[in-house]
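# Descriptive analysis of the structure
Each chain is listed here by its residues.
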Amino acid sequence: MGAAKSSFERRTDSVATKLFAIAAAGAIAAGLLAVRDRLTAPAPAHADRLPRVLTDPLAKERVAIDGRNPPPPSAGGATSADRRALLDAASRGDTSAVEALFARGVALDGTLENAASSGSAPLVRWLLEHGVPATDGEALSVPPLLLADEHQDVVDLLLARGAHDVSLDKAVLAGAPNAVRRAIAKGASPRSAARDADPLLVVAVRSASGAKRKAIVDALAAAHAPLDARTEEGDSALSLLVAEAIRARDEEGKKGERAVDLVASLVAKGAKVTGALLASVAKAPEADRAAVLDVLLGGTLERDATLEAASAAAEAGDVALVRKLATRGIAWSALDKNATTPLERAIVDGEPLVVRALLEAGAPTGSIGQSSNPALLTAVT
């Protein structure tokens, strides 16, 4: 058993090894030929229908924006330039140009919002008749229905073809007065905003301007929106408009639509004028604040509003404001017994003109509380 192999056995092993090597080489060669055949084979008949649009950067951007499925591929292999030309034509309301590009194979997806914004009812109707659904683009923050808000014929057409109307808060945020009116007419309440959201009146003041803002503010106020509702930062519609009115003065905007006009409108409807608001006006130059101050003093003032403003005026040495507040009547009865009175402040600061104006406005000269002194004693001291 342990003897060496015979010459016959050695020859047999050698032949088997060679046969195995030949078989392995043949298998490798056959595999390489199969790979070559697959690489050089002609494209399948349906290759021209593969979804090229998935590699189109414009299509990817649209999917990322509104979450919709990518459009079907263009039969004619439309380019990015064709796509831009289509959207430009839709924005112009150019039905003929859109038709020509569509005939060349450019897909119509994404054109409804552009057409709606253009206000062209014929183009919108043509798109709807050529496969674009009336609900297209509704997931966008400003859907076609809001883009067409100024064009009632387009709005009516979209709604008739199945578009869903928007919520009140979305209409306010988009600055769309007609959509706001529709939502209110359907029962939406300006009081039903989400708890973590800003009051709708504040949103309206921030989101729109001019005639649109006036229309939305008027519609919300008529629907009993809370006039004095505030954001977490303490801003109200009235305070934002007052700040804008001071910055803009009287020269900017069309009469009736200016910030000062909206201030007057809200005040007339019952928005309360707080001491903090009057005090903030006190910090503005006299020429800038004159118109809005007159409006505020003619409104419903909180009990200590004029007193707080008088304190701010005394601190600023503002004689003109003290005298202006005196015409409305300063609420001296609201003095805090533990606080420094405006008269004391003016005396300590050495402002004789302010002292005179406060005395003329009826400022009490006696001791208010245990921590205060009579005005004369304060002056002598």
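Above this text sits the structure in question.
Here we summarise the structure given alongside this text. These figures come from a predicted structure and were not determined experimentally.

Further remarks concern helix 3 (residues 80–92). In this model helix 3 runs 19 Å from its N-terminal to its C-terminal C-alpha over 13 residues, within 8% of the 18 Å that 1.5 Å per residue would give. Every buried residue belonging to helix 3 is among D82, R83, L86, A89 and A90, and all of these are buried. Along the axis of helix 3, the buried positions cluster into a sector of 130°, meaning they face one direction only. G93, located one to two residues past helix 3, shows a positive phi value of around 75°.

Structurally, the position occupied by V142 is in the loop between helix 6 (121–129) and helix 7 (144–147). Considered as a pair, V142 and A176 are 34 residues apart in the sequence and their alpha carbons are 9.8 Å apart.

What follows concerns helix 15 (residues 275–282). With 6 of its 8 residues buried, helix 15 lies for the most part within the structure. When helix 15 is considered as a whole, its buried residues turn out to be G275, L277, L278, A279, V281 and A282. If you follow the buried residues of helix 15, they end up packed against helix 13 (237–248), strand 1 (272–273), helix 16 (286–297), strand 2 (300–301), helix 17 (305–316) and helix 18 (319–328).

Let us now look at the pattern of salt bridges. One pass over the structure, following the stated rule, counts 13 salt bridges. Members of the salt-bridge network, linked through shared partners, are D165, R182 and K186.

With that settled, the discussion passes to the packing of helix 4 (residues 95–103) against helix 6. Interaxial distance between helix 4 and helix 6 falls to 9 Å at its minimum, and their mutual angle equals 25°. On the basis of their axis angle, the class for helix 4 and helix 6 is roughly parallel. Where helix 4 approaches helix 6, its residues T95, V98, E99 and F102 are matched on the opposing element by P122, L123, W126 and L127. In the contact of helix 4 with helix 6, the residues fall into 6 nonpolar, 1 polar and 1 charged.

We now examine the packing of helix 15 against helix 17. Two numbers describe how helix 15 lies on helix 17: the axes approach to 7 Å, and their chain directions differ by 30°. Regarding the angle of helix 15 to helix 17, the classification is roughly parallel. Along this stretch, helix 15 crosses helix 17, giving a crossing that reads as right-handed. For the pair formed by helix 15 and helix 17, the contact residues are G275, A276, L278, A279 and A282 on the first element and A305, T306, E308, A309 and A312 on the second. Split by residue class, the contact of helix 15 with helix 17 holds 7 nonpolar, 2 polar and 1 charged.

Calculation notes
Residues numbered from 1 in each chain as written. Predicted model: local features only at pLDDT ≥ 70, side-chain atom pairs only at ≥ 80, totals over all residues. Heavy atoms only, no water. Helix = DSSP H or I, 4+ residues; strand = E, 2+ residues; numbered from the N terminus. Expected span 1.5 Å × (residues − 1). Buried < 20%, exposed > 50% of the residue type's maximum accessible area, 1.4 Å probe, protein only. Arc of directions from axis to C-beta. Contact = heavy atoms within 4.5 Å. Salt bridge = Lys/Arg side-chain N within 4 Å of Asp/Glu carboxyl O. Axes fitted to C-alpha atoms, helices over the stretch in contact; angles between N-to-C directions. Parallel < 35°, antiparallel > 145°, perpendicular 65-115°, else oblique. Nonpolar A, V, L, I, M, F, W, Y, C, P; charged D, E, K, R; others polar. Left-handed = near helix turned anticlockwise from the far one by under 90°.

Remember, this is a structural readout, not a statement about activity or role.
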